Amino acid sequence: MTFNEHLDRWGTHSAKWDLLASPMGREALSLSVADMEFVSAPPVVQAVERAAALGAYGYTEVFDDFRSAAREWQLREHEWDPGAESVRFFPRIVQCVAALCHHVLPPLLGRRPRIMTLIPAYGPILEVVERSGCELIRVPLLLEDGNARMDRALVEGALERADLLLWCNPHNPCGRVWRTEELEFIGRAALEHGTMVLSDDIHADFTRPGRTPYTPLARAVPPLWDSGRLIQCASPGKTFNTAGLEAAAVFAPGALGDHLEAAKRSMGLHNPNYFAIPAAIAAWTRGQEWVADLRHYIDENLRFAVETLHGRLPQAVVTDPDGTYLIWIDARHYLPHRDSLTAACGAARVAVSPGEDFGDEYAGWFRVNAALPRVELEAGLHRLVNALTHPPK
């Protein structure tokens, strides 16, 4: 299949379609959950088909071929060599956060940790922190002219108190790819204050031509990596549309990696999903050409979507992301009431991710996913902006 072909995911137990879009009916379009409406790379599909053809789906394990594939992708795509010995398998990055909150940091600190993050932020990670009983220090990003930036004084002050910084690069939902000097600021401050950092870089493979290139924090600030207080997280899940297979590579040096491995066992996380390992290896060893084509398609979709939203919603603040396939929109001018977005989406039959998913402060904001065939993106945006500018009575 090409990126322009329709993919019918109704009736597949899809969270995006069968749960979130289904109240709008089968004519709905979904610009919500951050997975893509594209078939995965041919090598990944072939690897899954080969595994399925066996007909026996017993327990699997993580071997050196997974570690080597994860390392080689970082080295080839991002010019960083984490060393295969630093690779730890987790099904999902959010589970690594849970491991830190519940099992790794409390024994080291003798108390529940204080955890800092920039907001808006990915809701399930915020939920894990809050449910763990940890103190969550929220530092708001500033959105100016469609670009998100840090308030460095606020960040520095928060890092003085925090035991762990949850970093995200590229940022979800704002789409910022952090510049090297910004990464150096974060790394220096973390080292100065003894703050551990988890860098969730699940969208790292989605950067745009001519924009800020992605740099792993470990490459920008080697002393932070060498200190044993940095965890870098990667996954083929977003890049290859394999989130449901659940495979992440958590790069953690030395004793920190051992602590995470022990925590994973305490959480009952043992063998990976039967399809997770062959799919990840195929993605990271044979998927490079497909990803290059995907990046070009996503870039064109983002360019179209941002121009459309700017033109049709002139009173909204629309991010023009450096990376990800996501657009963050301050539409409070068009959404005066807490239920206005629900009403507009219902009238348009278009699902988006509401701002409250990224923090209670963000009612009147929403996130759009541009990773779908262009004709469907065009139709979804047309229907959505019509509903926003001509709200239902």
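Residues numbered from 1 in each chain as written. Predicted model: local features only at pLDDT ≥ 70, side-chain atom pairs only at ≥ 80, totals over all residues. Heavy atoms only, no water.

- An unreviewed UniProt entry lists the chain under the name cysteine-S-conjugate beta-lyase, from Schaalia georgiae F0490.
- In its Sequence similarities (unreviewed entry) section, the UniProt entry covering the chain states "Belongs to the class-II pyridoxal-phosphate-dependent aminotransferase family. MalY/PatB cystathionine beta-lyase subfamily." (UniProt positions renumbered as here; feature names shortened; annotations may be inferred.)

## Let's talk about the sheet that holds strand 12 (residues 326-330)
- The sheet built from four strands is open, its strands ordered 11-12-15-14 with antiparallel pairing. Two strands lie at the open edges of the sheet, namely strand 11 (317-318) and strand 14 (353-354), each paired on one side alone.
- Inspection of the sheet shows strand 14 paired to strand 15 (residues 365-369) by two bridges, in the antiparallel sense. Bridge pairing in strand 15 links serine 353 to arginine 367. (Pairing = 2+ DSSP bridges. Helix = DSSP H or I, 4+ residues; strand = E, 2+ residues; numbered from the N terminus.)

## Notes on the nonpolar core
- Ranked by size, the top nonpolar core spans 132 residues in total, and within it Phe66, Met116, Trp167, Leu198, Ile231, Leu260 and Phe366 carry the most contacts.
- The element that contributes the greatest number of residues to this core is helix 4 (residues 93-109), accounting for ten residues.
- Both domain 1 (22-41 + 287-389) and domain 2 (45-286) contribute no fewer than three residues apiece to this core.
- If sequence neighbours within four positions are ignored, tryptophan 167 has contacts with Leu118, Met150, Trp178, Leu183, Ile186, Val197, Leu198, Ser199, Asp200 and Leu217. (Core = buried A, V, L, I, M, F, W, Y, C linked by side-chain atoms within 4.5 Å. Buried < 20%, exposed > 50% of the residue type's maximum accessible area, 1.4 Å probe, protein only. Domains from an automatic or database assignment. Contact = heavy atoms within 4.5 Å.)

## Considerations on the sheet that holds strand 3 (residues 114-119)
- One open sheet accounts for seven strands, arranged 2-10-9-8-7-3-4; its pairing is mixed. This sheet does not close on itself; its edge strands, each paired only once, are strand 2 (87-90) and strand 4 (135-140). Each adjacent strand pair in this sheet contributes to an overall mean axis angle of 25°, direction not counted.
- Sheet topology note: the strand 8 (residues 196-200)/strand 9 (residues 230-234) ladder contains four bridges and is parallel. Considered in strand 9, the bridge of serine 199 is made with glutamine 232. (Axes fitted to C-alpha atoms, helices over the stretch in contact; angles between N-to-C directions.)

## Quick word on the packing of aromatic side chains
- Counting across every chain of the model gives 20 aromatic pairs.
- The interplanar angle of 75° and the centroid separation of 5.5 Å between the aromatic rings of phenylalanine 66 and phenylalanine 89 together place this pair among those described as edge-to-face. Placement of phenylalanine 66 in helix 3 (residues 64-78) and of phenylalanine 89 in strand 2 is noted, with a sequence separation of 23 residues between them. Just as phenylalanine 66 is buried, phenylalanine 89 falls in that class too.
- Aromatic side chains tryptophan 328 and phenylalanine 358 sit 5.3 Å apart centroid to centroid with 75° between the ring planes, which places their arrangement in the edge-to-face category. Taken together, the residues tryptophan 328 in strand 12 and phenylalanine 358 in the loop between strand 14 and strand 15 connect sequence positions 30 residues apart.
- Take phenylalanine 358: its relative accessible area is 3%, and that puts it in the buried class.
- Pairwise contacts between aromatic rings join Phe3, Phe38, Trp73, Phe240, Trp290 and Tyr297 into one cluster.
- One cation-aromatic arrangement involves arginine 152 over phenylalanine 185; the distance from NZ or CZ to the ring centre is 4.9 Å. (Phe/Tyr/Trp six-rings, centres within 6.5 Å; stacked < 30°, edge-to-face > 60°. Lys NZ or Arg CZ within 6 Å of the ring centre and 35° of its normal.)

## Topic: the pattern of salt bridges
- Enumeration according to the criterion identifies 33 salt bridges in this entry.
- Of the charged contacts in the structure, one is a salt bridge between glutamate 378 and arginine 374, with a shortest N-O distance of 4.0 Å. Residue glutamate 378 and its partner arginine 374 are located together in helix 14 (residues 374-389), separated by four residues, close to a single helical turn.
- By relative accessible area, glutamate 378 is classed as partly exposed at 33%.
- Connected through shared salt-bridge partners, Arg152, Arg176, Arg179, Glu181, Glu182, Arg208, Arg211, Asp299, Glu300, Arg303, Asp320 and Asp322 make up one network. (Salt bridge = Lys/Arg side-chain N within 4 Å of Asp/Glu carboxyl O.)

## Some remarks on the UniProt feature "domain: Aminotransferase class I/classII large" (unreviewed entry) in the chain
- The sites that carry the UniProt feature "domain: Aminotransferase class I/classII large" (unreviewed entry) are, in the present numbering, residues 36-384.
- The distance from the first to the last C-alpha atom of residues 36-384 is 19 Å, and the span holds 44% helix and 16% strand.

## Topic: the side chain of glutamine 232
- Tracing the sequence through the fold places glutamine 232 in strand 9.
- The buried category is assigned to glutamine 232, whose relative accessible area is 2%.
- For glutamine 232, the side chain forms a polar contact with the main-chain nitrogen of leucine 217, separated by 3.0 Å.
- Here alanine 218 takes part through its backbone nitrogen, which lies 2.8 Å from a polar atom of the side chain of glutamine 232.
- Residue contacts for glutamine 232: discarding those within four places in its chain leaves Trp80, Ser199, Asp201, Tyr214, Pro216, Leu217, Ala218, Trp225, Ala249, Val250 and Phe251. (Polar contact = N/O pair within 3.5 Å; in protein donor to acceptor, adjacent residues only side chain to side chain.)

## Examining the environment of phenylalanine 185
- Tracing the chain through its elements places phenylalanine 185 in helix 7 (residues 180-193).
- Between the C-alpha atom of phenylalanine 185 and that of phenylalanine 240, which follows or precedes it by 55 residues, the distance is 31 Å.

## Digging into the packing of helix 12 (residues 288-312) against helix 14
- Relative to each other, helix 12 and helix 14 sit at 20°, their axes nearing to 11 Å. By the angle between their directions, the pair helix 12 and helix 14 is classed as roughly parallel. Seen along the crossing, helix 12 lies across helix 14 with a hand that is right-handed. Side by side, helix 12 and helix 14 meet where Tyr297, Glu300, Asn301, Phe304, Ala305, Thr308, Leu309 and Arg312 of the first sit next to Arg374, Leu377, Glu378, Leu381, His382, Val385, Asn386 and Thr389 of the second.
- The residue inventory of the contact of helix 12 with helix 14, partitioned by class, reads seven nonpolar, five polar and four charged. (Parallel < 35°, antiparallel > 145°, perpendicular 65-115°, else oblique. Left-handed = near helix turned anticlockwise from the far one by under 90°. Nonpolar A, V, L, I, M, F, W, Y, C, P; charged D, E, K, R; others polar.)

## Considerations on the environment of threonine 117
- Here threonine 117 lies in strand 3.
- Judged by its relative accessible area of 7%, threonine 117 is buried.
- For the pair threonine 117 and threonine 308, spaced 191 residues apart in sequence, the C-alpha separation works out to 31 Å.
- Within the structure, threonine 117 has its side chain in polar contact with the backbone oxygen of leucine 166 (distance 3.3 Å).

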